Amino acid sequence: MSTAPAPEPRDPKPALVFDDPLDQQSSDDTDRGWGERSDRDSAADLKRFLDEKPPHHL
């Protein structure tokens, strides 16, 4: 008579989360990645503004 091997412990399944997804802040809700330049000086900002100004604003 043979005995069945003991079952190996399984990883627990991820729990289902029933929170409201609109209560959580997404990465799109922040200013991060939208062109902010916190480490620049005002002269660099002026140069960038003048370089990127459309031709009809001259």
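The structure we're discussing is the one just above.
So, here is what we can say about the structure in this document. The structure displayed is predicted, hence computed values, not measured ones.

1. Description of the overall build of the protein chain
Piece 1. In terms of helices and strands, the protein chain carries 1 helix and 0 strands.
Piece 2. Here the protein chain holds 58 residues, and 0% of them are scored as buried.
Piece 3. Carbon and sulfur atoms make up 53% of the accessible area of the protein chain, which totals about 6,500 Å².

2. So, a nonpolar patch on the surface
Piece 1. A cluster of nonpolar residues, Leu-46, Phe-49 and Leu-50, forms a patch on the protein surface that exposes about 310 Å² of accessible area.
Piece 2. You can see Leu-46 is positioned in helix H1 (residues 42–52).

About the cut-offs
Each chain has its residues counted from 1, following the order in which its sequence is written. Given that this is a predicted model, residues contribute local features only at a pLDDT of at least 70 and side-chain atom pairs are listed and counted only at 80 or more, while totals for whole chains, interfaces and linings are drawn from all residues. Side-chain calculation: all heavy atoms of the structure are included, whereas hydrogens and water are not. Strands here are runs of E lasting at least two residues and helices are runs of H or I lasting at least four, both read from the DSSP assignment and numbered beginning at the N terminus. Think of it in three bands: residues with accessible area under 20% of the maximum for their type are buried, residues over 50% are exposed, and the middle band is partly exposed, with areas taken using a 1.4 Å probe on protein chains only. The Shrake-Rupley method, run with a 1.4 Å probe sphere, supplies the accessible areas, and residue values consider only the shown protein chains as cover. Each patch is built from residues lacking any salt bridge and having more than 30% relative accessible area; the joining distance is 9 Å for like charges and 5 Å for nonpolar side chains (Val, Leu, Ile, Met, Phe, Trp, Tyr). We define a salt bridge as a contact between a side-chain nitrogen of Lys or Arg and a carboxyl oxygen of Asp or Glu at a distance within 4 Å.

What is shown is where atoms sit, not what they do.
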